[in-house]
Amino acid sequence: MLFSKALIPTLRETPADAEVISHQLMLRAGMIRKVAAGIYSYLPLAQRVFQKLKTIIREEMNRIDSQEVTLPGVQPAELWQESGRWHFYGKELLRFQDRSERDFCLGPTHEEVITDLVRRNVKSYRHLPLILYQIQTKFRDEIRPRFGVMRAREFVMKDAYSFDRDEAGAEESYHKMYQAYSRIFERCGLDFRAVEADTGAIGGSFSHEFMVLADSGEDIIVYCESCGYAANLEKAEIKPPENSPSPENQKPPDKVSTPGQKTVEEVTGFLGVSPEHLIKTLIFSTDKGPVAALVRGNHEINEIKLKNYVGCEELVLADDSLVEKVTHAPRGFAGPVGLTIPIYADHALKGVVNMVAGGNENDVHFKNVNTPRDYQVTLYADLRKAEVNDPCARCGKPLKMRKGIEVGHIFKLGTKYSETLHATYLDQAGKEKRIVMGCYGIGVGRTIAAAIEQHHDKDGIIFPPTLAPYQALILPVNINEPKVCETAFKIYNALQSDGIEALMDDRDERPGIKFKDADLIGIPLRITLGRRTFEEGKVEIRNRKTGKVDLVNVEETIGYVNDHFFGKPR
RNA sequence: CGGGGAGUAGCGCAGUUUGGUUAGCGCGCAUGGUUCGGGACCAUGAGGCCGGGGGUUCAAAUCCCCCUUCCCCGACCA
C-alpha cells in the first residue's frame, strides 16, 4: 500500500476526550473515529489489525473442530421471552419494533439464537459434541461506555457455543476451548493470565476469564506465586484462619452509649479500639428475605460470595427502612445481638472474643460481644474481599494483586438454556436428554486495545508482529531523489511479491513527519532509504520494538526481513 | 441512574466573568516558492447555524429558561 493513497489520518495532538493510552493511540494513529458514545468507525489500519486477529482466532477455532457460522444481529423477542431474558436482561438489551410493531432486539449475545438453531437441527447423540462459533458485531447498551473500544456499546466479539451429550463431554469441550484461548492470546504476544471467575447463580458450573495484565485494567486479579492459583477479585478465596475460641477470657457484655457514632471509624475512634475488634454488621435485602452479614471492621464484604452462600438471585444492601425494620434502630447501629434474620459471618470472626458491635438501638453499641453466648451464627463462610497478603486458599502463601483487562471469558453453562429452550437429543437408548452447553467469548476490539496498552512507548504503538497491520514500512527520506525513490519502489515491489505486507511512505513530506508517523502506527520494521547510506548501497532497517538499527545492502533487504526479523527462512 | 466537567473551523484551545467592530490563535488543509535524516520557513487562500430551541435587549458566543450531545468518578460486562 502506498501511504499517499492510504486513509491513515494521523493526529499530532491527543484528542481531549481520550483518557487511556490505547484509546489515544488508536485515535492518533488514524485507526478509529468516534461516531457516537461507545460507537466507532474502524479505519483501514484498524481493519487490517482486526483481520490479523480474526485469522488467528479462526485458525485456533478450526483446530479444535469448532465450525464458523453467522447468526443474525437482529433477533426476535419471542426467543428471548422463551429463555426469560427478555425480562431479565434489563436496559442493556436494545429493543425496538419493526414496521408491523413486532418486538426485536439487537443481539448482545447469542445463546438464544444458537440454542434455537441446534434444537431444531440436532436430534441425535450421533451429532454431538458440536462446537459453533462466529465473529460478529454485538450491541450492548452499556450504562457507561468508556475507554474507547475497550468498553464500547457496539463491538466485535468472537462467540462460541459448545453442545455435548453430558457433563464429562462439556468439560472436555471447555478444556479444548481453554487451550485454544491460551494459544490465541499467546500468538498475539500478550502477557495474560487465565483466572477463575464467579459463576453467579448457575450452580455447579465453572468459568475462567482471560486477563491481559495492564495497569489501566478495570479488573483486579488475585494470584498466588507459590501454587499458581489465580482468580478474579470477586471470586478469590481466602484460607480460613485457624484461631480457636478462648472462652476463659470472655468478659461480660457491656452496653455503651455512642451518640451519633455510626461508621467504623467513628465508633472505634470513640471507644478507643482498633477496627479488628469491631463486628461490621451489614443488612442485605434478597429475594429470600433479609439477611445479615458480619465481617471484621477492617474487612470488606464481598457481595458475590455472600450471594452464592445465601443462594439467592438478587442481593442488595438494605435501604434505611428495611434496616430499621430488622434492627429497630437507624442505620449505623446494627449488630448481631438479638437479630432474628439469618446471620452469615466471615471466617475471621470465628473464635474472636470481646468484640464491639452495634446495639440495635439508637446511639447504642455493645462491648465484649461473644458468640455463641450473645448471638448465633447461621453459617460461617468466606465472605470478605481478598486483600494483598491474605493467605491463599490452596497453599496458604500470601496472595498478590494486579490489574487486568478481561479479553476472554469461557463458561460452562450446563443445561440452563437447553432447559428453558428445550434443546434435547435422543441418546443411544432412544431416551430424550438435555444438551449440555458451554459458551465462550473473546472481545476482538478489546484484545487489540489491550495489546496496545501492553505494547507502546512514548512515540506510539509497538504492534506485536502477529497483529501488525503491515510487517514493514519503507521510508525514503526524500521522495524527490530519483535514485532513492526508484530503489525504494524496487524494495517495495520485491517485498510484496515475496508475500510481505509492506507500507510504502511515498509522501512528499519532510523526514520528521514520516519518522513520527512511522513510530506512531507501530509497524515492526522500518526500512529507511536516505542519501547518506544509499551512496554506500545500503538501507537502514530499524526494529520498532528494540530500536536496534542494522545497515543492510540493498539487495539483501528481502532476505533480512524474512530471516532476521521473522526468525526463519522462507 | 447519582455526582463532577465540557460543547466555538478537521485537531488543540482563547474569547463568556463585565453583552457592543467583520469571532480569534496554534496545528492541519489548498496553491506557489525556499527547504529536506526526527512534526521547517515565507506568501496567498479555503474553511464557523459559537451544540439546538425559545426568551431578554437597539444589540447575544457572552444574560435567562428548556432540550441535547460528549467526557470523567461510582453499581454491570467481552
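Residues numbered from 1 in each chain as written. Chains lettered and ligands numbered in written order. Predicted model: local features only at pLDDT ≥ 70, side-chain atom pairs only at ≥ 80, totals over all residues. Heavy atoms only, no water.

## As for the overall build of chain A
For the record, the criterion: Per the convention used, a helix needs a DSSP run of H or I reaching at least four residues, while a strand needs a run of E reaching at least two, with both numbered from the N terminus. Contact definition: two residues touch when any of their heavy atoms are within 4.5 Å. Computed with a 1.4 Å probe, the accessible areas rest on the Shrake-Rupley method; for each residue, only the protein chains presented here act as cover. The positive count covers Lys and Arg only, the negative count covers Asp and Glu only, and His and the chain ends enter neither. Note that the charge is assigned to NZ on lysines, CZ on arginines, CG on aspartates and CD on glutamates.
Tallying secondary structure elements over chain A gives 15 helices and 31 strands in all. Each principal axis of the C-alpha atoms in chain A carries an extent, and together these give about 95 × 65 × 50 Å. Put simply, 68% of the contacts in chain A that link residues at least 6 apart link residues at least 24 apart. Here chain A has roughly 26200 Å² of accessible surface; of this, 49% comes from carbon and sulfur atoms. When the 76 basic and 81 acidic side-chain charges of chain A are each reduced to a single mean position, those positions are 2 Å apart.

## Here's the deal with the packing of aromatic side chains
For clarity, the threshold we go by: Ring pairs are drawn from Phe, Tyr and Trp, using the six-membered ring of Trp, whenever the two centres fall within 6.5 Å, and their geometry is named by plane angle: stacked under 30 degrees, edge-to-face over 60, tilted for the rest. As a reminder, the over-ring test applies to NZ of lysine and CZ of arginine, requiring each to be within 6 Å of the ring centre and within 35 degrees of the ring normal.
Overall, the coordinates contain twelve aromatic pairs when judged by the stated rule. On the basis of an interplanar angle of 50° and a centroid distance of 6.4 Å, the ring pair of Tyr174 and Tyr440 is categorised as tilted. Of the two residues, Tyr174 sits in helix H6 (residues 167-187) while Tyr440 sits in strand S24 (residues 436-443), which places them 266 residues apart along the sequence. Through pairs of rings, three or more aromatic residues link up here, namely Tyr178, Tyr181, Phe185, Phe192 and Phe210. It is Arg95 that lies over the ring of Trp86; its NZ or CZ is 4.7 Å from the centre. Just above the ring of Tyr223 sits the side chain of Arg193; from NZ or CZ to the centre is 4.8 Å.

## A few points about the environment of Lys545
Positionally, Lys545 belongs in the loop between strand S30 (538-543) and strand S31 (549-553). Along the sequence, Lys545 and Val291 sit 254 residues apart, while their C-alpha atoms lie 55 Å from each other.

## Digging into the protein's contact with RNA strand B
For clarity, the cut-off: Whether a residue is near a molecule or strand depends on its heavy atoms: it is near if one of them lies within 4 Å of it. Distance and chemistry together define a polar contact, namely a pair of N or O atoms within 3.5 Å, with one atom able to donate a hydrogen and the other to accept it when in protein, and with adjacent residues in sequence counting only for side-chain atoms on both sides.
Lining the immediate environment of RNA strand B, one finds 49 residues, of which Arg12, Arg140, Arg510, Asp519 and Glu540 sit closest. Each atom of RNA strand B within 4 Å of the protein was classed as base or backbone; sugar and phosphate made up 43%. Residue Gly408 places a main-chain N or O atom 3.3 Å away from a sugar or linking oxygen belonging to RNA strand B. One of the side-chain nitrogen or oxygen atoms of Glu540 is found 2.5 Å away from a base nitrogen of RNA strand B. Looking at the surface near RNA strand B, the element that brings in the most residues is helix H13 (residues 511-521), giving seven residues.

## Comments concerning the packing of helix H1 (residues 21-28) against helix H11 (residues 444-454)
So the rule is basically this: To obtain an axis, a line is fitted to C-alpha atoms, over the contacting stretch when the element is a helix, and the angle between two such axes runs from 0 to 180 degrees between their N-to-C directions. If an angle is under 35 degrees, it is roughly parallel; if it is over 145, roughly antiparallel; if it lies from 65 to 115, roughly perpendicular; otherwise it is oblique. Asp, Glu, Lys and Arg are counted as charged, while Ala, Val, Leu, Ile, Met, Phe, Trp, Tyr, Cys and Pro are counted as nonpolar; the rest, among them Gly, fall into the polar class.
For the pair H1 and H11, the least separation of the axes is 8 Å and the interaxial angle reads 100°. Taken together, the axes of H1 and H11 lie roughly perpendicular to each other. Contact residues: Ile21, Ser22, Leu25 and Met26 in H1; Ile448, Ala449, Ile452 and Glu453 in H11. Considering only residue class, the contact of H1 with H11 consists of six nonpolar, one polar and one charged.

## Describing the side chain of Asn354
The residue Asn354 is located in the loop between strand S17 (343-346) and strand S18 (355-358) in this model. At 3.0 Å, the side chain of Asn354 forms a polar contact with the backbone nitrogen of Lys251. When residues no more than four places from it in sequence are discounted, the contact partners of Asn354 are Asn249, Gln250, Lys251, Asn368, Val369 and Asn370.

## Quick notes on the side chain of Arg151
Inspection of the secondary structure puts Arg151 in the loop between strand S7 (130-139) and strand S8 (154-164). The contacts of Arg151, once residues within four sequence positions are left out, are Glu142, Arg144, Pro145, Arg146, Glu218 and Arg446.

## Some remarks on the domain arrangement of chain A
As a reminder of what qualifies: As used throughout, domain bounds are those supplied by an automatic or database domain assignment. The term buried area denotes the loss of accessible surface (1.4 Å probe radius) that occurs when two parts are joined, taken as the sum for both partners. Salt bridges are counted wherever a side-chain nitrogen of Lys or Arg sits within 4 Å of a carboxyl oxygen of Asp or Glu.
With domains assigned, chain A is organised as domain 1 (49-236 + 401-452), domain 2 (247-381) and domain 3 (470-565). Computed from C-alpha coordinates alone, the two centres of domain 1 and domain 2 are separated by 39 Å. The junction of domain 1 with domain 2 conceals about 460 Å² of combined surface from both sides, 41% of it contributed by carbon and sulfur atoms. The interface formed by domain 1 and domain 2 includes zero salt bridges. In this assembly, domain 1 and domain 2 are joined by two residue pairs in polar contact (both at pLDDT 80 or more). Looking at the side of domain 1 that touches domain 2, its residues break down into three nonpolar, one polar and three charged.

## Focus on the sheet that holds S31
For clarity, the cut-off: When DSSP locates at least two bridges between a pair of strands, those strands are taken to pair.
As summarised here, the arrangement of the five strands in space is S28-S27-S29-S30-S31, forming an open sheet in which the pairing is mixed. Two strands lie at the open edges of the sheet, namely strand S28 (502-504) and S31, each paired on one side alone. Neighbour-to-neighbour, the strand axes of this sheet turn through a mean angle of 25°, independent of strand direction. Sitting on the sheet, helix H12 (residues 482-497) touches strand S27 (472-476), S28, strand S29 (525-529) and S30, and the angle it makes with S27 is about 170°. Strand contacts of H13: S27, S28, S29 and S30, with the helix running at about 175° to S27, the strand carrying the most contacts.

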